[in-house]
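# Report on the structure
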Amino acid sequence: MKGKQRIIWMAAALALALLFLSCYTVNEGERGIVLRYGKIVKVAEPGLGFTIPLVERVSKITLRNQARLFKAMQAYSRDQQPAVMTVSVNYHIPASEVEAVYTRYSTLENMNERLIARQIPTQLENVFGQYTAISAVQDRARLVQDMQMALRDAVDGPVVIDSVQIENIDFSDAYEKSIEDRMKAEVAIATRRQNLETEKIQAQIAVTRAQAEAESRLVAARSEAESIRLKGSAEAEAIRLRGEALRNNPALVSLITAERWDGKLPETMLPDGGVPFINAKPTK
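An unreviewed UniProt entry lists the protein under the name Band 7 protein, from Mixta gaviniae. As stated in UniProt under Subcellular location (unreviewed entry), the record for the protein gives "Membrane".

Rendered as structure tokens:
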């Protein structure tokens, strides 16, 4: 009886072990390749699944975005300047291509080495060789775009190239020194040109200010001359009117003299001199 119980317990334990070994889980962002004696049976979706123990197994392939960094990549510019660059590539595997990836490359690492990594040096040399050293630095966005398009065209396989970035471009020390000197010269020229423009503007301001002051003085002089002319004309008119009055009224002088006399006789008089301002003849 005990022997039978032992066999039952062993059978139950074996069944539980086989059940445990037959379970598998595929996470979101992954796909499972179910293999039976090495042959692909199906592609498992995310969730819980079961296999035939000791007969089938599951290999998982991620669909998430992958990034690969390629350091110390060398290339020559169109003007024969050597450069060392770091290139990063972002890619992913479409869900419909999971079986093809496993069939051709078995793993993502193998696919990366055989499909992407081999193309990076060639495409970088081709694209970078179309730019001069200066244009590669000044037009980095277009360089990156051309590199991305070239890699997408060159990579023919079950992978999607999402983006390519050229993270830094290092030229030789001598060339970078020449670039630095050239930039300093250009800055000095730009500064001098700006100073000349400033001096020109200041000169124009000074000329305009001098013209305004001259015009102001001219207007003042004209105003003063006009004032003097009007004053002289008024005085001449007054003299003319006085002359006409005197000619028309001979006694006007005596009248004015008498009106202005203060009634006092001179303290000193000459012999036989008459009394000033008084007509001694009696009126008839």
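That shown, we press on.
## Some points on the sheet that holds strand β3 (residues 39-44)
Read from one edge of the open sheet, three strands run β3-β2-β5, paired in antiparallel fashion. In this open sheet, the two edge strands, each paired with only one partner strand, are β3 and β5 (56-62). Between one strand and the next, the sheet's axes are offset by a mean angle of 30°, whatever the strand orientation. Relative to β3, strand β2 (residues 30-36) runs antiparallel, the two being bridged by five bridges. Looking at β3, one finds that I33 is bridged to V43.

## Overview of the side chain of T132
Here T132 is to be found in the loop between α4 (119-128) and α5 (133-138). Among the polar contacts made by the side chain of T132, one reaches the side chain of S135 at a distance of 2.9 Å.

## Quick notes on the nonpolar core
With 43 residues, the main nonpolar core has V89, M111, F128 and I166 as its most contacted residues. Mapped onto the domain boundaries, this core takes at least three residues apiece from domain 1 (7-62) and domain 2 (66-171). Non-local contacts of I166, meaning those with residues more than four positions away in its chain, are made with M85, T86, V87, L124, R140, L143, V144 and M147.

## Some thoughts on the pairing of β2
Where burial is concerned, most of β2 is hidden: six out of the seven residues are buried. Bridging between β2 and β5 involves seven bridges; their strand directions are antiparallel. Looking at β5, one finds that L35 is bridged to R57. Taking the residues that link successive antiparallel strands as the turn, the β2-β3 hairpin has two residues, and the phi of Y37 there is positive, at about 55°.

## Section: the sheet that holds strand β8 (residues 160-171)
Taken in spatial order, the three strands make up an open sheet running β6-β7-β8, and their pairing is antiparallel. The outermost strands of the open sheet, each flanked by one partner alone, are β6 (66-76) and β8. Averaged over all adjacent pairs, the angle separating strand axes in this sheet is 20°, with direction ignored. Sitting on the sheet, helix α3 (residues 108-117) is in contact with β6, β7 (82-92) and β8, with an inclination near 30° to β6. Along the sheet face, helix α6 (residues 140-154) touches β7 and β8 and points at about 135° away from the line of β8.

Definitions and limits used
- Residues numbered from 1 in each chain as written.
- Predicted model: local features only at pLDDT ≥ 70, side-chain atom pairs only at ≥ 80, totals over all residues.
- Heavy atoms only, no water.
- UniProt positions renumbered as here; feature names shortened; annotations may be inferred.
- Pairing = 2+ DSSP bridges.
- Helix = DSSP H or I, 4+ residues; strand = E, 2+ residues; numbered from the N terminus.
- Axes fitted to C-alpha atoms, helices over the stretch in contact; angles between N-to-C directions.
- Polar contact = N/O pair within 3.5 Å; in protein donor to acceptor, adjacent residues only side chain to side chain.
- Core = buried A, V, L, I, M, F, W, Y, C linked by side-chain atoms within 4.5 Å.
- Buried < 20%, exposed > 50% of the residue type's maximum accessible area, 1.4 Å probe, protein only.
- Domains from an automatic or database assignment.
- Contact = heavy atoms within 4.5 Å.

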